[in-house]
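So the chains spell out like this:
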Amino acid sequence: MAPKRKGPLQLLQREADQLKRQVDSLAKSVHGSDGGGAGGGGGGGGGGTGEAFQRCQQLQRSAQKTLVALRKLTKADELAPVGNYDLRKQEEEARLEAIVQRLNFLSEQLSALPLPAGDGSQDESEEDEDEDEEAEDVSHGGSDRKDGGSDRKDGGSDRKDGGKPITCVALIDFSAEQDGDLSVRKGEVLTIIRMTADGWWLAEDEQGNRGVVPRTFLERRSGAEAEDEEDEDEVEDEDEECSDEEEGEMEDDELPDSSGKHSSSHSKWSTVRRALNEMDTADVLSAMGAIPAEFRASTLNKLLTEDVTYRGSRYVQPELSQSQLSFKDLFLEPETGRVRARQVRVCVCFALWRCRMIPPPGVGLQVLSRHVRVCAFDGAQVLSNIHTVRATFCSKNPKTWSFSPRTAGVLPTLLDADLFLRSNSDSAELGLLFELGVSFIRNSTGERGELSCGWSYLKLTDSAGTPLAARTYELAVNGGIPYERDVSPSPTNTGSVFHQMLRSRKQPKLILKLKSVNSRTKTQLSLLPDTLLFCRSSLHLLILHRQILADTLLLDRSTAQSADVLCSPLLASFPRLLDETDLLDALRIAWLDAESHMSRAQRVDLPHLKSRFTAVFLNAVFPLLHSSALPCQRWADPASEEQRQRIIFAALDALGSGSGSGSSQSGISPPCVASQRAFDVTELNFDLLRAAR
């Protein structure tokens, strides 16, 4: 009887099995050479390093070719019907991607090992020696700096690339920080002379200047990559692979920009996406098996920490019109003197409930915070501030995250999952982007970082443009980043209904509820800026700030075109509270105490409310903002957060009923905030030209 012929998928599975065995063998030899190189067998181990590096490059090419062939497979290519074909193909693809990541990590390890003098040709060795001498000459001036350029130069070794020049393009501007650094401009083409493991590459610009540049500021040109990976025996297959990669890069880089005012933010977003493709901590941890394969470096956290454009403090500031001579979203009602209500295209209220089946990080990582970052998103760019909600979990069930726990007193803003979104964007793809993240510290090195456990997206309108109904939604959590193809295996519709339900229950999910709001809440929301995402518990504070802002800018200025600096400590400092939410909680507590001492008539008297609100802010929060005893806010640092809470509550207890009475006590500070930082006039002055968007 003739043997049964194997289908293309089964053949590729066998190739993947062979690749895995070869990678395991290579990893053992690499770890063995690391251990042996330190002892007396250094000569033999060094000779194997060059061979291992060449072997790793060959395996990388084979794995990439197998992965491309697998992605091109379809069910119609099979010789006979295959059960669960899509699921088996996705599992095999995930296995090959893990092999590729592991090979990339091994390549980084091998590039950091010193190569012996006998490896390669004599000409290559002489060229490397010349390059080392030139690199020493360039970075000689930085030897006086303790952790500067000398450490960068000595931290790594030359990296072989087949003797072919590597060219890179600068993603953003970089200014030299010390002698030996090379200043580059965005878009400038550089030739890489030496690639080191510490992340500082020796490069040469078009004018012949040499110096070191951070590798995260550079992007390898696709032509050089194709040239490095080209195999003479399989040129045709490699060219097809490179063309596929180039098409994927074009799809990412040439996303349409829906509006001119977001073009700068879109370019920054593209820079972040390209930078995430570089080897980072997430790639290293994934290759080591410390985190699941679908985890990535947090995209929204990178935007939030590197650009103030995405902070809530930016979006509560007034927005100028196109002419720059008036305001776009801030007006007063002539009859009542109150802020004029403005209706926007999208205004929704929603609440996060829980996350299910979220895989925890592996051993060796201590989790400091589990949280969800939320923003408005249209598939191409972030259209609002990025708001963070911290989750709680039970150690008995670490895969389930919960939100808005029951606490005594005022629920902290950081834990409040009852949110609202106002947006005036006309994008048909406008929706809510949720990124599930964990902040961690590595037990072995003490390194801190943040990882994305996955992301979800909820489009706020259906295919006909109708707003979504107010009900509970269960969203699938996708692996990778929002611009990356989903790397999580999705359940298929094959099998019985019971098995489909079981598979669905094992998939990561984010559960939230869109809420319907009453007329009073709708009126309150209409008084806020056109674009803002925040928690509903602070609505009354945001409205009072908005009213004082309108009075100061529209009534108290000498002329409508005056841009003079205004003396207003509240307007100058209040936006910071949206970034330092523990101080916003202190203001909420102090204002609740003040409202409890007001009569019913005083609670509806707008001039009285504004004066009392200003007094409470100056008494309770303003001294804390400039106290030298209060440590700077540091995200996911338990010691810093505990110390800040202790000082804040001590200050509120010391004020006692003084903040509620509204009497002028700003000159009397409690002992915990008596020591103030050096006075700066910007603490009192509101600069319209700097603050306005």
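Refer to the preceding data block for the structure.
Residues numbered from 1 in each chain as written. Predicted model: local features only at pLDDT ≥ 70, side-chain atom pairs only at ≥ 80, totals over all residues. Heavy atoms only, no water.

S.K.: How would you summarise the overall build of the protein if you had to cite specific residues and measurements?
M.R.: Scanning the protein from N- to C-terminus turns up 21 helices and 19 strands. Of the roughly 34200 Å² of accessible surface on the protein, a fraction of 50% belongs to carbon and sulfur atoms. (Helix = DSSP H or I, 4+ residues; strand = E, 2+ residues; numbered from the N terminus. Areas by Shrake-Rupley, 256 points an atom, 1.4 Å probe, with all protein chains shown as cover.)

S.K.: Would you mind going over the sheet that holds strand S5 (residues 218-220) in detail, with residue names and values included?
M.R.: One open sheet holds the 5 strands; their spatial order is S4-S3-S2-S1-S5, and the pairing between them is antiparallel. Single-partner strands in this sheet number two, and they are strand S4 (210-214) and S5. Averaged over neighbouring strand pairs, the angle between their axes works out to 50° when direction is ignored. One ladder, built from 4 bridges, connects strand S1 (residues 166-170) with strand S2 (residues 189-194); its direction is antiparallel. (Pairing = 2+ DSSP bridges. Axes fitted to C-alpha atoms, helices over the stretch in contact; angles between N-to-C directions.)

S.K.: An account of the pattern of salt bridges is requested, with residue identities and associated values reported.
M.R.: Applying the stated criterion across every chain yields a total of 28 salt bridges. Two residues, Arg-95 and Asp-17, come together in a salt bridge whose shortest N-O distance is 2.8 Å. Taken together, the residues span a long stretch of sequence, with Arg-95 in helix H3 (residues 85-112) and Asp-17 in helix H1 (residues 8-37) at a distance of 78 residues. Of the charged contacts, one joins Arg-71 and Glu-97 as a salt bridge, the two residues approaching to 3.0 Å between their closest N and O atoms. Highlighted residues: Arg-71 in helix H2 (residues 42-72) and Glu-97 in helix H3, separated in sequence by 26 residues. Given the relative accessible area of 17%, Glu-97 is considered buried. Connected through salt bridges with shared partners, the residues Arg-576, Glu-580, Asp-582 and Arg-644 form a single ionic network. (Salt bridge = Lys/Arg side-chain N within 4 Å of Asp/Glu carboxyl O. Buried < 20%, exposed > 50% of the residue type's maximum accessible area, 1.4 Å probe, protein only.)

S.K.: Which residues make up the pairing of strand S14 (residues 448-459), and what are the values?
M.R.: Inspection of the sheet shows strand S6 (residues 296-297) paired to S14 by 2 bridges, in the antiparallel sense. If you follow Ala-297 over to S14, its bridge partner there is Leu-451. As paired elements, strand S13 (residues 431-442) and S14 share 11 bridges and run antiparallel to each other. Opposite Leu-436, over in S14, you have Gly-454 as the bridge partner. Adjacent in sequence and paired antiparallel, S13 and S14 are bridged by 5 residues, among which Gly-446 carries a positive phi angle near 75°.

S.K.: Report on the packing of helix H16 (residues 581-596) against helix H18 (residues 606-625), specifying residues and quantitative values.
M.R.: Contact pair H16 / H18: the axes reach a minimum separation of 10 Å and the direction vectors enclose 140°. Between H16 and H18, the crossing angle belongs to the class labelled oblique. As for the relative orientation of H16 and H18, their crossing is right-handed in sense. Contact residues: Leu-583, Leu-587, Ala-590, Trp-591 and Ala-594 in H16; Leu-609, Arg-612, Phe-613, Val-616, Phe-617, Ala-620, Val-621, Leu-624 and Leu-625 in H18. Residues that form the contact of H16 with H18 fall into these classes: 13 nonpolar, no polar and 1 charged. (Parallel < 35°, antiparallel > 145°, perpendicular 65-115°, else oblique. Left-handed = near helix turned anticlockwise from the far one by under 90°. Contact = heavy atoms within 4.5 Å. Nonpolar A, V, L, I, M, F, W, Y, C, P; charged D, E, K, R; others polar.)

S.K.: Can you lay out the packing of H16 against helix H19 (residues 638-655) for me, pointing to particular residues and giving the numbers?
M.R.: The interhelical angle for the contact between H16 and H19, taken along N-to-C directions, is 20°, at an axis separation of 11 Å. By the angle between their directions, the pair H16 and H19 is classed as roughly parallel. Crossing of H16 against H19: the hand is right-handed. Side by side, H16 and H19 meet where Asp-582, Leu-583, Ala-586, Ile-589 and Ala-590 of the first sit next to Arg-644, Gln-645, Ile-648, Phe-649 and Leu-652 of the second. The class makeup of the residues in the contact of H16 with H19 is 7 nonpolar, 1 polar and 2 charged.

S.K.: Go over the side chain of Arg-557, please, and point to the residues and values.
M.R.: Relative to the helices and strands, Arg-557 resides in the loop between helix H14 (539-554) and strand S18 (566-567). For the buried residue Arg-557, which engages in no salt bridge, the nearest side chain bearing the opposite charge is Asp-564, 8.7 Å off. Only 2.6 Å separates the side chain of Arg-557 from the backbone oxygen of Leu-553, close enough to count as a polar contact. Setting aside chain neighbours within four positions, we find Arg-557 in contact with Phe-327, Thr-552, Ser-562, Leu-566 and Leu-688. (Lys, Arg positive; Asp, Glu negative; His and termini not counted. Polar contact = N/O pair within 3.5 Å; in protein donor to acceptor, adjacent residues only side chain to side chain.)

S.K.: Tell me about the packing of aromatic side chains, and name the residues and values.
M.R.: Two aromatic rings are characterised by how far apart their centres lie and by the angle between their planes. Scanning the entire structure with this criterion turns up 7 aromatic pairs. Judged by centre distance (6.3 Å) and plane angle (85°), the ring pair of Phe-377 and Tyr-457 falls under edge-to-face. Separated by 80 residues along the polypeptide, Phe-377 in strand S8 (residues 365-377) and Tyr-457 in strand S14 bring together distant segments of the chain. The aromatic ring of Trp-635 is capped on one face by Arg-390, whose charged end is 4.7 Å from the ring centroid. (Phe/Tyr/Trp six-rings, centres within 6.5 Å; stacked < 30°, edge-to-face > 60°. Lys NZ or Arg CZ within 6 Å of the ring centre and 35° of its normal.)

S.K.: Quick one: what's the story with the side chain of Thr-521, residue by residue and with numbers?
M.R.: In this structure, Thr-521 sits in helix H13 (residues 519-525). Judged by relative accessible area, Thr-521 falls into the buried class, the value being 8%. If near-sequence neighbours (up to four positions away) are discounted, Thr-521 is found in contact with Arg-536 and Leu-539.

S.K.: Describe the sheet that holds S8, with residues and values.
M.R.: Note on sheets: strands pair through backbone hydrogen bonds, and any given pair is parallel or antiparallel. Pairing is antiparallel across the open sheet formed by 5 strands, whose spatial order is S6-S14-S13-S8-S9. Both outer strands of the open sheet, S6 and strand S9 (387-390), are each paired with one neighbouring strand and no more. Here 4 bridges tie S8 to S9, and the two strands are oriented antiparallel to one another. When the bridges of S9 are listed, His-371 appears paired with Arg-390.

S.K.: Describe the environment of Trp-401, naming the residues involved and giving the relevant values.
M.R.: Assignment of secondary structure puts Trp-401 in strand S11 (residues 397-402). Look at Trp-401 and you get buried, because its relative accessible area is 1%. Counting along the chain gives 48 residues from Trp-401 to Trp-353, while the straight-line C-alpha distance between them is 8.6 Å. With sequence-adjacent residues up to four places away left out, Trp-401 is seen in contact with Trp-353, Arg-354, Cys-355, Ile-358, Arg-370, His-371, Ala-391, Thr-392, Leu-436, Gly-437, Val-438 and Cys-453.

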